[in-house]
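Read off the chains here:
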Amino acid sequence: MIKPDAKELYHKHIKELNGSWCPVPWGQVSVHNSGEYRACIQARSCKKTKGILKDNDGNIMRADTHNIDDVRNAPLLKDVRKSMLNGVQHEMCVRCNREDKNDVPSRRRNAIIEYYDKHNYDYWKAVSHCHDDGQLMLHESDVLEYDIRLGNLCNLRCKMCHPSESTQWYDEWFDTMFKGFKSDFTQVEMIKEKNKVKLKNDIYSWYENSKFYEQMFDNSKNLRKIYLSGGEPTLVENMYDLLQKFIDNDWAKDIELEYNINLTNIPRRAIELWHHFKLVTLGGSIDAVGEHNNYIRYPSKWSKIDENVKWLDQNTKSNINFFCTSTWQILNATQILDIAKWQIENNFIKFNRMANSVFFSMHSLSSPTYLNVKALPQELKEHVQQEFEKFDKEYFIPWIESLPQDFEFKNTHYEADWNGRQPWDGNRDHLYEKFKMRLDNMLKFMWADDFSDHFPQFIKMMRTQDNYRKQDFEQLYPQISMYVKKEGL
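(A) How the structure looks around helix H17 (residues 455-469). Across its 15 residues, H17 extends 21 Å between first and last C-alpha, which sits within 8% of the 21 Å expected from 1.5 Å per residue. When we look at burial in H17, the residues that qualify are Phe455, Phe458, Ile459, Met461, Met462, Gln465, Asp466 and Arg469. On an axial view of H17, the arc spanned by its buried residues comes to 165 degrees, and they lie on one face. Projecting away from the buried face of H17 at angles above 90 degrees are the exposed residues Lys460 and Asn467. In this fold, the buried residues of H17 make contact with helix H8 (170-176), helix H12 (291-296), helix H15 (378-401), helix H18 (473-476) and helix H19 (478-487).

Next up, the structure:
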């Protein structure tokens, strides 16, 4: 096992040697939930291409129409690799370029370390597997990981989501918004038949095509990782067939699985299959605690999520680990702090051990803009800051000071297939500094821009959704409600 400091030294060396390089365009095959092959899912931030791969004739390459070998040398991927070999940051990588510039852990940074640590794949190997024009030598460069978003089948319609991410959104979207929507560059039409809304051009059902899974399996002889998301991947039937095939061929023991799931549904048959794999990491989407989480991630029930987390924590083998991943937005601008309290009070055995941050792995919502915390008016931003400071002073610091200097979480010595040291292990001061820095960076993000002209749209959308879902925003969010009444919005 490579020590954490060795990984960081390797990353530092590569950054100095060639700060534009990333192993993802070499070792990963990525499929968006709409079936389009992507150079990288993070490339959706690139307005020009969204990372969508096209063939030499300009046709979008899809999982149900194109061959994986052809996809790996698609024109855009070749161009990205060529730029990286020349030390030039490609425009497609805009998100990682921006995050690296601001010293925020990027997908590029994490991939460089993970490929080196877990896949035995480094910069020099990538160079030797590629021609100067970016053409990949397929006979020498295996697929090391798949990033697969299995359609949009889901049992929730979260506030920040969209019909492209959940089938549960169809009726409400059609009845209260539009008769269709745009998925990146594709216009999707909706129709209503027998009082039920469906898609006229359903680009999200590609995952039902067995041809893709056959190709995927044929390109998996040295596979090391599969990332699965959706929709809600635990609802997809042929996902289980795919896992069983890896088990039957004795490949599962060398493969890591990583999921993004909503923790409302933990099929026991999934647990049985997961226990055959080298490592399974579940990123559980939790945005608040109690009724606030139910409101954001409608129609989830917090009692069930809480029950599932505790069951997983106590009843799964050491190869299954899971962590909390949160989306910070207006609706949990202060309530996200309750997630930290909930974890402290429950003192979990394994939960959150695999995360690279304390208490939750978080990203700040950018779209829709009306839910972005930057859309809060100044008075409400001041309230958020005050609540963060109150949490720090009245809850977090007293808790930290009650701990021994060499405090370690209950999960620190949990016997797992991977259980490397975390920087806050055995050091309460570093634990405080690490989480306080996260909170400070969140506030810095909130104050960076003024998008408050979108706040009236936020109020309008909450009222529309409340009326359709029979919910009550004003009761759950009294501080915002008081501001709205005062301003006459």
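Structure's up, so let's keep going.
(B) Looking closely at the pattern of salt bridges. Here the structure, examined in full by the defined rule, presents 29 salt bridges. Among the salt bridges present, the one from Asp175 reaches Lys192, with a minimum N-O distance of 3.0 Å. Taken together, the positions of Asp175 in helix H8 and Lys192 in strand E5 (residues 186-193) put the pair 17 residues apart, joining distant regions of the chain. With a relative accessible area of 35%, Lys192 lands in the partly exposed category. Among the ionic pairs, Lys486 bridges to Glu487, the shortest N-O distance being 4.0 Å. One network of salt bridges, in which partners are shared, links Glu36, Arg38, Arg44 and Asp184.

What counts, and at which threshold
- Residues numbered from 1 in each chain as written.
- Predicted model: local features only at pLDDT ≥ 70, side-chain atom pairs only at ≥ 80, totals over all residues.
- Heavy atoms only, no water.
- Helix = DSSP H or I, 4+ residues; strand = E, 2+ residues; numbered from the N terminus.
- Expected span 1.5 Å × (residues − 1).
- Buried < 20%, exposed > 50% of the residue type's maximum accessible area, 1.4 Å probe, protein only.
- Arc of directions from axis to C-beta.
- Contact = heavy atoms within 4.5 Å.
- Salt bridge = Lys/Arg side-chain N within 4 Å of Asp/Glu carboxyl O.

From the geometry alone we can't say anything about function, so treat these as descriptive.
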